[in-house]
Amino acid sequence: MNKKVEDFLNAHRLNPDMIDMDEICGLFIREMDAGLKGKASSLPMIPSFCSPDARPKAGESVIVIDAGGTNFRTCIVTFGDDLKPKISDFRKIRMPGTEKEVSAAEFFSVIADELERLIDKSDKIGFCFSYAAEILPDHDGIPRMFSKEIKAPEVLGKHLGKEILAELGRRGHDVSSKKVMIMNDTVTTLLAAQAKNVGGSYDGCIGFILGTGTNTAYIEKTANITKLDASVRESGLLSENQIINVESGCLNFHLGDIDIKFLASTKDPELYGFEKMVSGAYLGPLANEVIKQAIAEGVLSQQFADAHAAYTSLSTIELNAFLKEDEMSSLARCCKYSEEDYDVLMEILGAFISRAAKLTAANLASAVLKTDYGKDEDHPVLINADGTTFLITAYLKSYTTEYLDAYLAEKGRRAVITQIDDSPIIGSAIGALSL
């Protein structure tokens, strides 16, 4: 590595070699434990009240809502006699609150608009809600905060299922037999993995998302969730284990001065520190701050600086294009006067992605280590990974896998990463069938 590049990376804690996996996993697990006990923690550790043993049922159909990232999807899922899911009546629109702030009435009106064509096709509605929400024992959910720059503050504190059915009722639909189950996307992704684990080849499952935002779900013993009200714990209605939505992107965490400066420029600077260092909504903009700092310190040439001045922002898509050596990418065009600039920038951004991968590996390792799963090499933990950022960003998945495999091997654990298509939609249907 170029000496000036190495010095720059080290000065701003961008070098992945500076990350201590034990330290970050220790922080994750301490915050996870505190969250389960209801103590002060940046990790909400939200009980799903959903058993990991939920399974598909032949011949049944479910209405599915998938609110995730910038997209809002609705469809019908039907399981055939072979238990394979069939998705029909699929439609996708922009997530309300993405482009401008919306009121609660506008938010629920959009949802009702999308459900009206489906409402007579099933009494069970599985709602994959990819934001922090308190899940209630009756499977309704109350949003607590929006990430991914969604602007719908009036929705916070509302009962999602109740409000959706009320809006449909106001439109003249009979909703007396309708039931809504609110689930986080990582919970549904885990359920999709559990459905694949019918033969018991894997020792537990983890749901993982790294797209616009990031989050993780894992299986926890209900007895360890001591923050639950005694009446709930003693009701006899809870399974021995249940899926926990960690909201791992909420971890109060940063590494260097560029991270701190970037966090201060985002919506809710004190929240979602971990997510803002690894996820698709932020990787490009954060990389842009890294580039501007490299220009300020003379690590990149004045010619590069002059060319870069024409670009006021950097998306994760553009960042990925450069890393994949697309000569037409905006960053590649900034390097057209100097091969050295190109090599320096590739080293800086390669290290930047490697750092994001190592942080992601720490997130996943923490979920594995928090359980007793994965101690038998022949029965690893199955991690179902979803999210475009993880799956297509140059080097991110491969580096994450390398870091995770090496670290878990040191701890006597093993996990494998897979991708199950349409996991949030399929998992939402599986969960709702338990209603």
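Position numbers for residues count from 1 along each chain, tracking the sequence in the order it is written. Only residues with pLDDT of 70 or above have their local features reported here, since the model is predicted, and side-chain atom pairs are shown and tallied only from 80 upward, although totals for entire chains, interfaces and linings are computed over all residues. The basis for every side-chain value is the complete set of non-hydrogen atoms in the structure, without hydrogens or water.

S.K.: Explain the overall build of the protein to me, please; I cannot follow it from the model alone.
M.R.: Under the scheme used here, helices are H or I runs from DSSP no shorter than 4 residues and strands are E runs no shorter than 2 residues, and both carry numbers assigned from the N terminus. Helix and strand counts for the protein come out as 16 helices and 13 strands. Atoms counted for the radius of gyration: C-alpha only. Globule rule: 2.2 Å times residue count to the power 0.38. Over its C-alpha trace the protein gives a radius of gyration of 22 Å, about what one expects of a compact globule, namely 22 Å for 435 residues. C-alpha extents for the protein along the principal axes are approximately 70 × 50 × 40 Å. Accessible area is worked out with a 1.4 Å probe on protein chains only. A residue is then buried under 20% of its type maximum, exposed over 50%, and partly exposed in between. Relative to its 435 residues, the protein shows a buried fraction of 56%. For the protein, restricting intrachain contacts to residue pairs at least 6 apart in sequence, the fraction spanning at least 24 positions comes to 71%. Across the protein, 46 positive and 64 negative side-chain charges occur, with their mean positions spaced 4 Å apart. Any two residues having at least one pair of non-hydrogen atoms within 4.5 Å are treated as being in contact. None of His or the chain ends enter the tally, which takes Lys and Arg as positive and Asp and Glu as negative. The location of each charge is read from NZ of Lys, CZ of Arg, CG of Asp or CD of Glu.

S.K.: Mind showing me how you'd approach the pattern of salt bridges here?
M.R.: Oppositely charged side chains can form a pair if their charged atoms are brought close together. Salt bridges are identified by distance alone: a Lys or Arg side-chain nitrogen within 4 Å of an Asp or Glu carboxyl oxygen. Per the counting criterion, the structure on display carries 21 salt bridges. Notably, a salt bridge pairs K370 with D33, separated by 3.2 Å at the nearest N-O pair. With a gap of 337 residues between them, K370 in the loop between α13 (339–369) and β12 (381–386) and D33 in helix α2 (residues 21–37) connect regions that are remote in the sequence. Note that R171 and D113 form a salt bridge whose closest N and O atoms lie 2.7 Å from each other.

S.K.: Would you mind going over the environment of F253 with me for this structure?
M.R.: Mapped onto the elements, F253 comes out in the loop between β11 (241–245) and α7 (257–264). For F253, a relative accessible area of 10% gives the class buried. Sequence-distant contacts of F253, that is, excluding residues within four places in its chain, are made with I24, L27, L263, G273, F274, M277 and L359.

S.K.: I keep staring at the sheet that holds strand β13 (residues 415–418) and nothing clicks. Help me out?
M.R.: Where strands meet in a sheet, backbone hydrogen bonds hold them as pairs that are either parallel or antiparallel. By definition, two strands form a pair when at least two bridges between them are found by DSSP. One open sheet holds the 6 strands; their spatial order is β1-β11-β10-β9-β12-β13, and the pairing between them is mixed. Looking along the sheet, the strands with just one partner apiece sit at the ends: β1 (46–47) and β13. Across 5 bridges, the pairing between strand β9 (residues 205–210) and β12 is parallel. Bridge pairing in β12 links I209 to D386. In this analysis, axes come from line fits to C-alpha atoms, helices being fitted only over the stretch in contact, and the angle between any two N-to-C directions falls in the range 0 to 180 degrees. Of the strands in this sheet, β9, β10 (214–221), β11, β12 and β13 touch helix α5 (residues 185–196), which is tilted by about 135° from β9.

S.K.: I tried to follow the packing of aromatic side chains on my own but got confused; where do I start?
M.R.: When we look at a pair of aromatic rings, we describe it by the centre distance and by the angle of the planes. Stacked, edge-to-face and tilted are the three classes for Phe, Tyr and Trp ring pairs, Trp counted by its six-membered ring, which pair at centre distances within 6.5 Å; planes under 30 degrees apart are stacked, over 60 edge-to-face, the rest tilted. Counted according to the given criterion, the structure contains 9 aromatic pairs. Judged by centre distance (5.5 Å) and plane angle (15°), the rings of Y395 and Y399 are stacked. A relative accessible area of 33% places Y395 in the partly exposed class. An aromatic cluster is present here, built from F28, F253 and F274 joined pairwise through their rings.

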